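One-letter residues, chain by chain:
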Amino acid sequence: MKKTLPLILGMLFLILDYPIRTGIVYPAFIPFRTSAPESVSMIIDHLVGTNLRIDIFPDLIGYILLFFGCASLISYQKRFARCTVWIILAAAANLLCILNPFLFQSYTRYSLAYIVLIVATLLKAAVMIHIMLTFLNFSECTENHAWNNVVAIFMLIAVFTMVIRNLSFLYMWDSVAKVYNGVSLVATLIYVIMYCKRLNYFRLERQKQNS
């Protein structure tokens, strides 16, 4: 079904994470008095940095694709309407992550960078889980049942490893983050390919019901 294509592309945009540093410089960080300077350095120097970093596959584009994909499928499955609420929340958190260094200074920039990253990561996971479970329920049929369970397992692996990847980057475990990034990407590609193949059974089942 062509209407499911934005969901598949949106999922890939959320999973793929390859940021590049641009020449756009953040306003200079104003230090503040703290008893944990190592923590501040970890967040400001490593996580936030001094220059804007743009993901080659922006999450915001992924959320836009997912939003329109879910909106186009509400007439088939009303649960997609609930997914659009999660998408809006996750997109707002992602946008705040991007704008935080431009809008805030000192302790606010530091605390928001830490908190919003965790919130944005959890919301991204919630979006992916809600959409894929709704997607699987939407395409449930006799021929698809067993394969849907397998697809759900790979989807959960992809989401779990994505969360670990983001948290590993937060704590400067860059090598661990790269490993989990690869695992997450492989799991995502597997469940996307498997799901696309199972759609054929879904179409045949619906054709039988309508005939």
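Remember, it's a predicted structure, so these values are computed and weren't measured experimentally.

Participant: Can you lay out the packing of aromatic side chains for me, pointing to particular residues and giving the numbers?
Facilitator: Scanning the model with the defined rule gives eight aromatic pairs in all. Centre to centre, the rings of Y18 and F57 are 6.5 Å apart; their planes meet at 65°, and the pair counts as edge-to-face. Here Y18 is found in the loop between α1 (5–15) and β1 (19–25), whereas its partner F57 is found in the loop between β2 (51–55) and α3 (59–73), with 39 residues between them in sequence. Here the aromatic rings of F29 and F32 are separated by 6.3 Å at their centres, their planes lie at 75°, and the arrangement is edge-to-face. Taking relative accessible area as the criterion, F29 reaches 23% and is therefore assigned partly exposed.

Participant: So what's going on with the packing of α3 against helix α4 (residues 79–103)? Which residues, and what values?
Facilitator: For any two helices packed against each other, one specifies the crossing angle of their axes together with the interaxial distance. Interhelical geometry of α3 versus α4 gives an angle of 165° and a closest axis separation of 9 Å. With respect to α4, the element α3 is oriented roughly antiparallel. As α3 packs across α4, the resulting crossing turns out to be left-handed. Of the residues in α4, those touching α3 at D59, L60, Y63, L66, F67, C70, A71 and L73 are F80, C83, T84, I87, I88, A90, A91, N94, L95 and I98. By residue class, the composition of the contact of α3 with α4 is 15 nonpolar, two polar and one charged.

Participant: Outline the confidence of the model for the protein chain, supporting the account with residue identities and numerical values.
Facilitator: For the protein chain, mean pLDDT is 81; residues scoring 70 or higher make up 84% of the total. The secondary structure element of the protein chain with the lowest average pLDDT is helix α7 (residues 174–210), at 66, and the one with the highest is α4, at 92.

Participant: With reference to specific residues and values, describe the side chain of K124.
Facilitator: Mapped onto the fold, K124 is located in helix α5 (residues 106–138). For K124, a relative accessible area of 5% gives the class buried. Residue contacts for K124: discarding those within four places in its chain leaves L14, D59, Y63, A90, M162, R165 and N166.

About the thresholds
Residues numbered from 1 in each chain as written. Predicted model: local features only at pLDDT ≥ 70, side-chain atom pairs only at ≥ 80, totals over all residues. Heavy atoms only, no water. Phe/Tyr/Trp six-rings, centres within 6.5 Å; stacked < 30°, edge-to-face > 60°. Helix = DSSP H or I, 4+ residues; strand = E, 2+ residues; numbered from the N terminus. Buried < 20%, exposed > 50% of the residue type's maximum accessible area, 1.4 Å probe, protein only. Axes fitted to C-alpha atoms, helices over the stretch in contact; angles between N-to-C directions. Parallel < 35°, antiparallel > 145°, perpendicular 65-115°, else oblique. Left-handed = near helix turned anticlockwise from the far one by under 90°. Contact = heavy atoms within 4.5 Å. Nonpolar A, V, L, I, M, F, W, Y, C, P; charged D, E, K, R; others polar. pLDDT = per-residue confidence, 0-100.

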